[in-house]
Amino acid sequence: MDRYPDNIHSDQAMLSAFLADRDAACPVCRYNLRAVQGDRCPECGTHLQLQVGQAVVRYGAYLWLFALLAAPALGFIMGLPWTIRMVLDALDPNMTVNIPLYLWIIRGAGLVALPLFIITWLFRLQLVRMRNDIQWVLVIAPALYHLALLVWFTVEAINRP
Ligand SMILES: [Zn+2]
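On a predicted model such as this, the values are computed, not experimentally measured, just so you know.

(A) Quick look at the confidence of the model for the protein. On average, the protein scores 88 in pLDDT, and the residues at 70 or more come to 93%. Per-element mean pLDDT across the protein ranges from 87 in helix H5 (residues 124-129) up to 93 in helix H2 (residues 60-78).

(B) Layout of the environment of Val128. Counting through the fold element by element, Val128 comes out in helix H5. C-alpha of Val128 to C-alpha of Val87: the two residues are 41 residues apart in sequence and 38 Å apart in space. Other than its neighbours up to four places away in sequence, Val128 contacts Val57, Tyr59 and Tyr62.

(C) Layout of the environment of Val57. Looking at where Val57 falls in the secondary structure, it is placed in the loop between helix H1 (11-20) and H2. Taking C-alpha positions, Val57 is 22 Å from Pro142, a pair spaced 85 residues apart along the chain. The contacts of Val57, once residues within four sequence positions are left out, are Val128 and Arg129.

(D) The arrangement of the packing of H2 against helix H6 (residues 132-159) in detail. In contact at an axis separation of 9 Å, H2 and H6 are set at 25° when each is read in the N-to-C sense. Judged on the interaxial angle alone, H6 and H2 are roughly parallel. Considering how the two elements wind past one another, H2 and H6 form a crossing that is left-handed. Where H2 abuts H6, its residues Ala61, Tyr62, Trp64, Leu65, Leu68 and Leu69 lie against Asn132, Gln135, Trp136, Leu138, Val139, Pro142, Ala143 and His146. Here the residues of the contact of H2 with H6 sort into 11 nonpolar, 3 polar and no charged.

(E) A look at the domain arrangement of the protein. Its domain assignment divides the protein into domain 1 (1-52) and domain 2 (60-159). Spacing between the C-alpha centres of domain 1 and domain 2 amounts to 43 Å.

(F) Representation of H6 in the model. Between its first and last C-alpha atoms H6 spans 40 Å; for 28 residues at 1.5 Å apiece the expected length is 40 Å, and the two agree. Ile140 marks the point of greatest bend in H6, at about 30°, and the proline Pro142 comes within the next four residues. In terms of residue burial, H6 counts as a barely covered element, since only 1 of its 28 residues are buried.

What counts, and where the lines are drawn
Residues numbered from 1 in each chain as written. Predicted model: local features only at pLDDT ≥ 70, side-chain atom pairs only at ≥ 80, totals over all residues. pLDDT = per-residue confidence, 0-100. Helix = DSSP H or I, 4+ residues; strand = E, 2+ residues; numbered from the N terminus. Contact = placed C-beta atoms within 7 Å. Axes fitted to C-alpha atoms, helices over the stretch in contact; angles between N-to-C directions. Parallel < 35°, antiparallel > 145°, perpendicular 65-115°, else oblique. Left-handed = near helix turned anticlockwise from the far one by under 90°. Nonpolar A, V, L, I, M, F, W, Y, C, P; charged D, E, K, R; others polar. Domains from an automatic or database assignment. Expected span 1.5 Å × (residues − 1). Bend = angle between axes of the 7 residues up to and from the residue. Buried ≥ 20, exposed ≤ 12 C-beta atoms within 10 Å, placed from the backbone.

Have a look at this one:
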C-alpha cells in the first residue's frame, strides 16, 4: 500500500513538495523558491530540477585561484601611484631612467589580474559549484605566473654581478 498519491512520484511534483516548506535559493538569481509551484523560477525563469548534489562544496581550488589572483591585483592597487610615476617617466623623452623589464612584467600582470580577481569574487558562487577538475585547470595560469616569477628572481639573484 503506497502512502503517497500517484502524482507525488513525478519529478515536478517532487520538486514542488521539496520547495513547499524549505528556503531554497534559485541557483541563478538567488530568489527564495519557498512554496514555488511548477519547475521555473518566478523571478528569472530558470528551469529548475530536483537532483542529488555533493553535501560539501570543496573550496580548495577556488581559494588557490582567489589567492593567486588577489596577490598581484592588490599589489597593483597598492603600487598604483608608483606605477603612474613609472609610466610618466618612461613617456618623458627627457628622462633617461632605465626601468627594468621585470617591473613592467609585474605591473602589467597586476593590471591583468585586477579584473580577473574582481570576476573571481563576483562569480564565487558559480565557481565553487563548477566541477572540481575544471576549477583546478583555472588555477594553472596564475600558478604558472607566480612560478615563473620565482624561477626568474632565483636566476637573477644567483647571477647578480
Ligand atoms: Zn531565478
